[in-house]
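Next come the chains, spelled out residue by residue.
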2 protein chains.
Amino acid sequence: MENSKVHAQVLLGTEYNEQLVLDGKDDLYGGLMVEINQPMDSNQFANRLTSSIIKWRQQGKKGIWIKLTIQYANLVESAVKKGFWYHHAEATYLMLVYWIPQTPNTLPVNASHRVGIGALLINDHGEVLVVQEKSGKFKGTGVWKLPTGVVNEREDLCIASIREVKEETGIDSEFVEILGFRQSHNSFFGKSDLFFLCMLKPLSFSVEKQDSEIEAVQWMKMEEYAAQPFVVENEIFNSIAKICLAKKNNDYAGFSAVLNTSGFSSKKSYLYFNSHNLSL
Amino acid sequence: MENSKVHAQVLLGTEYNEQLVLDGKDDLYGGLMVEINQPMDSNQFANRLTSSIIKWRQQGKKGIWIKLTIQYANLVESAVKKGFWYHHAEATYLMLVYWIPQTPNTLPVNASHRVGIGALLINDHGEVLVVQEKSGKFKGTGVWKLPTGVVNEREDLCIASIREVKEETGIDSEFVEILGFRQSHNSFFGKSDLFFLCMLKPLSFSVEKQDSEIEAVQWMKMEEYAAQPFVVENEIFNSIAKICLAKKNNDYAGFSAVLNTSGFSSKKSYLYFNSHNLSL
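Residues numbered from 1 in each chain as written. Chains lettered and ligands numbered in written order. Predicted model: local features only at pLDDT ≥ 70, side-chain atom pairs only at ≥ 80, totals over all residues. Heavy atoms only, no water.

**Student:** I keep staring at unusual backbone geometry and nothing clicks. Help me out?
**Tutor:** Glycine aside, a negative phi is what most residues show, and trans is what most peptide bonds show. Residue and element names in this part refer to chain A. Not every positive phi belongs to a glycine, and Arg154 is a case in point at roughly 65°. Within the secondary structure, Arg154 is located in the loop between strand 8 (148-150) and helix 4 (157-169). Judged by relative accessible area, which is 45%, Arg154 ranks as partly exposed. (Helix = DSSP H or I, 4+ residues; strand = E, 2+ residues; numbered from the N terminus. Buried < 20%, exposed > 50% of the residue type's maximum accessible area, 1.4 Å probe, protein only.)

**Student:** Please explain the environment of Glu174 of chain B as it appears in this structure.
**Tutor:** Residue and element names in this part refer to chain B. Counting through the fold element by element, Glu174 comes out in strand 9 (residues 173-184). By relative accessible area, Glu174 is classed as partly exposed at 36%. For the pair Glu174 and Leu157, spaced 17 residues apart in the sequence, the C-alpha separation amounts to 12 Å. Here Glu174 is in contact with Ile162, Leu200, Lys201 and Leu203, once residues within four sequence places are set aside. (Contact = heavy atoms within 4.5 Å.)

**Student:** Can you help me understand the packing of aromatic side chains in this one?
**Tutor:** The way to describe two aromatic rings as a pair is by their centre distance and the angle between their planes. The final tally for this structure, using the stated rule, is 24 aromatic pairs over all chains. Here the aromatic rings of Phe181 of chain A and Phe181 of chain B are separated by 6.1 Å at their centres, their planes lie at 70°, and the arrangement is edge-to-face. Here Phe181 of chain B lies in strand 9 and Phe181 of chain A lies in strand 9 (residues 173-184), a pairing that spans two chains. Judged by relative accessible area, Phe181 of chain A falls into the buried class, the value being 1%. On the basis of an interplanar angle of 75° and a centroid distance of 5.3 Å, the ring pair of Phe138 of chain B and Phe230 of chain B is categorised as edge-to-face. Placement of the pair is Phe138 of chain B in the loop between strand 7 (127-133) and strand 8 (148-150) and Phe230 of chain B in helix 6 (residues 229-233), with a sequence separation of 92 residues. By relative accessible area, Phe230 of chain B is classed as buried at 18%. Counting every residue linked through ring pairs, the aromatic cluster contains Phe175, Phe181, Phe196, Phe255, Tyr270 and Tyr272 of chain A together with Phe175, Phe181, Phe196, Phe255, Tyr270 and Tyr272 of chain B. Looking at Lys145 of chain A, its charged tip hangs above the ring of Phe138 of chain A, at a distance of 5.3 Å from the centre. (Phe/Tyr/Trp six-rings, centres within 6.5 Å; stacked < 30°, edge-to-face > 60°. Lys NZ or Arg CZ within 6 Å of the ring centre and 35° of its normal.)

**Student:** Could you clarify how one ought to interpret the UniProt feature "domain: Nudix hydrolase" (unreviewed entry) in chain A in this entry?
**Tutor:** Sites flagged by UniProt as "domain: Nudix hydrolase" (unreviewed entry) map to residues 112-244 of chain A. A distance of 29 Å separates the end C-alpha atoms of residues 112-244 of chain A, which is 25% helix and 38% strand. (UniProt positions renumbered as here; feature names shortened; annotations may be inferred.)

**Student:** Honestly, the interface of chain A and chain B in this entry has me stumped. Any pointers?
**Tutor:** Accessible area lost on assembly of the parts is the figure often given for the size of an interface. Every contact between the two is made by 87 residues of chain A and, on the other side, 88 residues of chain B. Summing both sides of the interface, chain A and chain B together bury roughly 7900 Å²; the carbon and sulfur share of this comes to 64%. Linking chain A with chain B are 4 salt bridges. Between Glu153 of chain B and Lys191 of chain A there is a salt bridge, with the nearest N and O atoms lying 3.0 Å from each other. Remark: the boundary between chain A and chain B carries 45 residue pairs in polar contact (both at pLDDT 80 or more). The class makeup of the residues in the side of chain A that touches chain B is 48 nonpolar, 24 polar and 15 charged. Strand direction decides the pairing type here: strand 13 (residues 268-273) of chain A and strand 9 of chain B, joined by 4 bridges, are antiparallel. Note that in strand 9 of chain B the partner of Leu271 of chain A across the bridge is Arg182 of chain B. (Buried area = accessible area lost by both parts, 1.4 Å probe. Salt bridge = Lys/Arg side-chain N within 4 Å of Asp/Glu carboxyl O. Polar contact = N/O pair within 3.5 Å; in protein donor to acceptor, adjacent residues only side chain to side chain. Nonpolar A, V, L, I, M, F, W, Y, C, P; charged D, E, K, R; others polar. Pairing = 2+ DSSP bridges.)

**Student:** How do you make sense of the sheet that holds strand 2 (residues 32-35) of chain B when you look at a structure like this?
**Tutor:** Strand-to-strand pairing in sheets goes through backbone hydrogen bonds, with the strands running parallel or antiparallel. Residues and elements named next belong to chain B. One open sheet accounts for 5 strands, arranged 1-2-3-5-4; its pairing is mixed. Every interior strand has two partners, whereas the edge strands, strand 1 (25-26) and strand 4 (85-90), have only one. When strand 4 meets strand 5 (residues 93-99), the two strands line up antiparallel, connected through 5 bridges. Across the sheet, the residue bridging to Ala89 is Leu94, located in strand 5. Where helix 2 (residues 42-58) meets the sheet, it contacts strand 2, strand 3 (63-69) and strand 5, and its direction lies at approximately 155° from that of strand 3. (Axes fitted to C-alpha atoms, helices over the stretch in contact; angles between N-to-C directions.)

**Student:** Just to check I follow, could you spell out the environment of Asp26 of chain A for this structure?
**Tutor:** Residues and elements named next belong to chain A. Relative to the assigned elements, Asp26 resides in strand 1 (residues 25-26). Taking the C-alpha atoms as reference points, Asp26 and Glu155, 129 residues apart in sequence, are found 29 Å from one another. Setting aside its immediate chain neighbours within four residues, Asp26 contacts Gly31, Leu32 and Lys61. Among the polar contacts listed, one links the side chain of Asp26 to the side chain of Lys61, at a separation of 2.8 Å.

**Student:** Help me understand helix 2 (residues 42-58) of chain A, please; the structure alone is not making it clear to me.
**Tutor:** Side chains three or four residues apart in an α-helix point the same way, a direct result of the helix having 3.6 residues per turn. Residues and elements named next belong to chain A. The end-to-end C-alpha separation of helix 2 is 24 Å, in line with the 24 Å expected for 17 residues at 1.5 Å each. Buried within helix 2 we find Phe45, Ala46, Arg48, Leu49, Ser51, Ser52, Ile53, Ile54, Lys55 and Trp56. The opening residue of helix 2 is Asp41, an N-cap whose side-chain oxygen sits 2.9 Å from the backbone nitrogen of Asn43. Downstream of helix 2 by a residue or two, Gly60 has a phi angle that is positive, lying close to 80°. (Expected span 1.5 Å × (residues − 1).)

**Student:** So what exactly am I meant to see when it comes to the sheet that holds strand 3 (residues 63-69) of chain A here?
**Tutor:** All names here are of chain A. Sheet architecture is open: 5 strands sit in the order 1-2-3-5-4, paired in mixed fashion. Two strands lie at the open edges of the sheet, namely strand 1 and strand 4 (85-90), each paired on one side alone. Lying on the sheet, helix 2 is in contact with strand 2 (32-35), strand 3 and strand 5 (93-99); it crosses strand 3 at an angle near 155°.

**Student:** Where do I start with the relation of the copies chain A and chain B in this structure?
**Tutor:** Placing chain A over chain B gives an RMSD of 0.0 Å and needs a rotation angle of 180°, together with 0.0 Å of translation along the axis. As the rotation angle and translation indicate, the two copies are arranged about a two-fold axis. Comparing contact sets, 100% of the residues at the interface of chain A also lie at the interface in chain B, consistent with an isologous, same-surface contact. (Least-squares fit on C-alpha atoms with pLDDT ≥ 70 in both.)

**Student:** How should the pattern of salt bridges be read in this particular structure?
**Tutor:** A side chain of one charge can pair with a side chain of the opposite charge when the charged atoms of the two come close. Residues and elements named next belong to chain B. Across all of its chains, the model carries 28 salt bridges over all chains by this definition. Here Arg114 makes a salt bridge to Asp193, at a shortest N to O gap of 3.9 Å. Residue Arg114 is found in strand 6 (residues 113-121), and its partner Asp193 is found in strand 10 (residues 192-202); the two are separated by 79 residues along the sequence.

**Student:** Explanation requested: the pairing of strand 5 of chain A in the structure shown.
**Tutor:** All names here are of chain A. The buried fraction of strand 5 is high, at 7 of 7 residues. A two-sided burial pattern is seen for strand 5, the buried positions comprising Tyr93, Met95, Val97 and Trp99 on one face and Leu94, Leu96 and Tyr98 on the other. Strand direction decides the pairing type here: strand 3 and strand 5, joined by 7 bridges, are antiparallel. Bridged to Lys67 within strand 5 is Met95. Joining the antiparallel neighbours strand 4 and strand 5 is a turn of 2 residues.

Take a look at the structure:
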């Protein structure tokens, strides 16, 4: 990035106008979070940033965060010209960051992974719940596959798997365990991907497909599912089918989910581990 | 978002100037990826977007992506005024997106999770490798904890765990298995977090601490580690210590890592599963 020059210019100043300094909240790491809450002209914003950075440097601040909601897109360029760079963005805002010390920055990294689930449900006849998809790579292939879906931000894997199965197939279920997972890279936009294979216990059996994403849904003999040419010929699908078959035969222990309190707050989060070997 | 008005204005136009239409590459989902590769005045960009959107709509395009590297920060506002919103950002670029059809968008979601590892290493004396951290929540607490770290984008968990242990403690090791994992929410910037507890086999034993992050490092009796008040009193730390103790006593099966070829390319990725129950 071409930020070093701008940085050097800002370093030259030592006097600032206190009235122009932007308000911010200290964070836990010696930094400051600035949220812009009122419309501003971009030149005015540039001037305020100049004064602010001089003061923040004198105060020994480290990482400076600026959160610009999308209605203040007119201010992005001014921040970049002052040496800020992009940290992350969501639909409604852009987060910019600037590191004041001369040491390498220790800013937290952006989210790096998308998370997905696949669901194994077996009914009393030893049949597995499968779907054909309307779009994506499987469109028109005739391949029957396990229901899959993307885990939302702030959604637990065990909850997401139940939700996706209900949405795609109409089947109610409860979470049993994680049978395995795969990590892959260079997925959308170069991000990495974690895919968790979940075992669920069906609580209803009458299928009702979702029209927008799903071409067909049915219960299918597990052996028939595993014998599809696409499954046999593709290593990862074949491995997953073998895990499913082992689970069906009660020869396989996955990771169960247990709610635990976090060390630093009263927040609860799920710990997934092998409860066949250890009870917590 | 206040995009509906802008959207409506654009809808009115049906004529466009072909020479102004921005170049883009079709994606696999009926959309278009536009990368700006030359400096442009923001008014000129706005005009080009107007013509482009009219043409793209007539062509039946769906999602329109605009990738603006940070040196073109001057163009962000124009895109937002035309109805684009933020999809994600990395240090060097901002990705904006616009959905042309009147149907709900099916755009892929942004990365939602950060991924971290904790490492369990046990030496021949039954001692566990532990560290005290210089910053963060554990600073100054005197708590001995397992080495932990953040998994980089495009980095495999099993590789990241070896790297982090080497960086923090100087110990060489090889990956054995995942003993369990925790999913938590509302971590940095509202993102979710996946933390994997990894068992590694030490290949060297002489510790050498990293000065910037680590206050102290040592091998410690496993029972002594597990008996620390902080560990005993905090549910998640206590659970993790119990898993570690069970593993030390050979009473616990985690998930091993096996490289598998993906179904759609020659790309290889790690599948983590219970190889104590099943060989693939």
